[in-house]
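# Observations on the three-dimensional arrangement
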Amino acid sequence: MSALVVPPDLARALHPGPPDAIELIGLRARGHHGVLEHERRDGQDFLVDLRMDVDTAPAGRADALGRTVNYAEVADSAVAEIEGGPHQLIETLAARIAGRVLSEQILVRRIEVTLHKPSAPIPHPFSDVRVRIERSAPATPAVLALGTNLGAREQHLSRALALLRAADGIEIDWTAPVVETDPVGGVAQDAFLNTVVGIRSERGPWRLLDLAHALEEDARRVREVRWGPRTLDVDLIAYGDLVQDDEELTLPHPRAHERAFVLAPWHAARPAAELPGHGPIGPLLARAEDREGVRPGPALGGFGA
């Protein structure tokens, strides 16, 4: 493919600015951490400051807690680590707090932990001892489905894949072959080309959804008829093991488990894959009502790898 021409709006989606942050400051709990015996026996107060990179825009639009981080849960996790252990080093404790929050809060992509030990056993006047660490969440596996039945279908798919490769925080893990499928939903229209792409995403699910919409807009998709013809459809099918019911982003995709045009190419690329909440995709494909309408599509460079 020739050099990508990227308009400004799409460029912002491919290369977004820094995320927002939620900060929890001065959380206090008593722990028994230290090298000296009396520290581990008697305990002392520790304070922790947390700065979490989170995309807050979706929650701001809907005033919905489910779209952001519940900082009361984060506080519970940090306190549980402080009260646990014991550990000799506050470096160890800080790392455990960071790892626990990142593992429990999938919307947190990076965290900065500052752990204070104001009663450290130092025989000199001092105000504080603190350790500050930064940790990032590992890239999350995600699955995107691509479909097109208007215009230059093969070109739409190839450009979408090229743009995904160019996007910050996205790594292509695998691609499925392209299949041709009969339309579903009862709207008379031409056959589709469908495929599935597996990625590893450093972005949260909402920023990944924004990118999917930007790819559709780049193909000049117009939403006039539900399940109608389209130049490009990009759906976020799964994001790790995240299960959520939201009017803008339900995960996994609410109809993926019954759509052969998603399941067939996915199964061809990753036959042992599972759809969160629904199980292995092989049996799902065997039950899909539209499976007879799926046939091999064109061999398209970059797909099926």
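See the structure shown above.
Residues numbered from 1 in each chain as written. Predicted model: local features only at pLDDT ≥ 70, side-chain atom pairs only at ≥ 80, totals over all residues. Heavy atoms only, no water.

## Some points on the environment of Lys117
- Examined against the element boundaries, Lys117 turns out to sit in the loop between β3 (110-116) and β4 (130-136).
- The exposure class of Lys117 is buried, given its relative accessible area of 9%.
- Between the alpha carbons of Lys117 and Leu36 there is a distance of 14 Å; along the sequence they are 81 residues apart.
- In contact with Lys117, not counting residues within four places along its chain, are His33, Gly34, Glu39, Gln44, Phe46, Ile90, Phe126, Asp128 and Val129. (Helix = DSSP H or I, 4+ residues; strand = E, 2+ residues; numbered from the N terminus. Buried < 20%, exposed > 50% of the residue type's maximum accessible area, 1.4 Å probe, protein only. Contact = heavy atoms within 4.5 Å.)

## A closer look at the pairing of strand β2 (residues 44-54)
- Most of β2 sits out of view: nine of its eleven residues are buried.
- The pairing of β2 with β3 spans seven bridges and is antiparallel. Bridging across to β3, Val48 finds its partner in Leu115. (Pairing = 2+ DSSP bridges.)

## Side note on unusual backbone geometry
- At the junction of Gly85 and Pro86, the peptide bond is cis and its omega measures out at 5° in the coordinates.
- You can see Pro86 is positioned in the loop between α4 (71-83) and α5 (90-104).
- Looking along the chain, the bond that leaves Leu251 and enters Pro252 is cis, with omega of -10°.
- Note on placement: Pro252 falls in the loop between β9 (233-239) and α8 (260-269).

## Some points on the packing of α4 against α5
- The geometry of α4 relative to α5 is characterised by a closest axis approach of 9 Å and an angle of 145° between their N-to-C directions. Here the hand of the crossing between α4 and α5 comes out right-handed. Each of Val74, Ser77, Ala78, Ala80, Glu81 and Ile82 in α4 lies in contact with α5, whose residues at this interface are Leu93, Arg96, Ile97, Arg100, Val101 and Glu104. (Axes fitted to C-alpha atoms, helices over the stretch in contact; angles between N-to-C directions. Left-handed = near helix turned anticlockwise from the far one by under 90°.)

## What to know about the sheet that holds β2
- An order of β1-β2-β3-β4 is seen for the four strands of this open sheet, with the pairing classed as antiparallel. Two strands close off the open sheet at either side, each with one partner strand: β1 (20-31) and β4. Averaged over all neighbouring strand pairs, the angle between strand axes comes to 15°, with direction disregarded.
- The pairing of β1 with β2 spans ten bridges and is classified as antiparallel. The partner of Leu27 across the bridge, within β2, is Val48.

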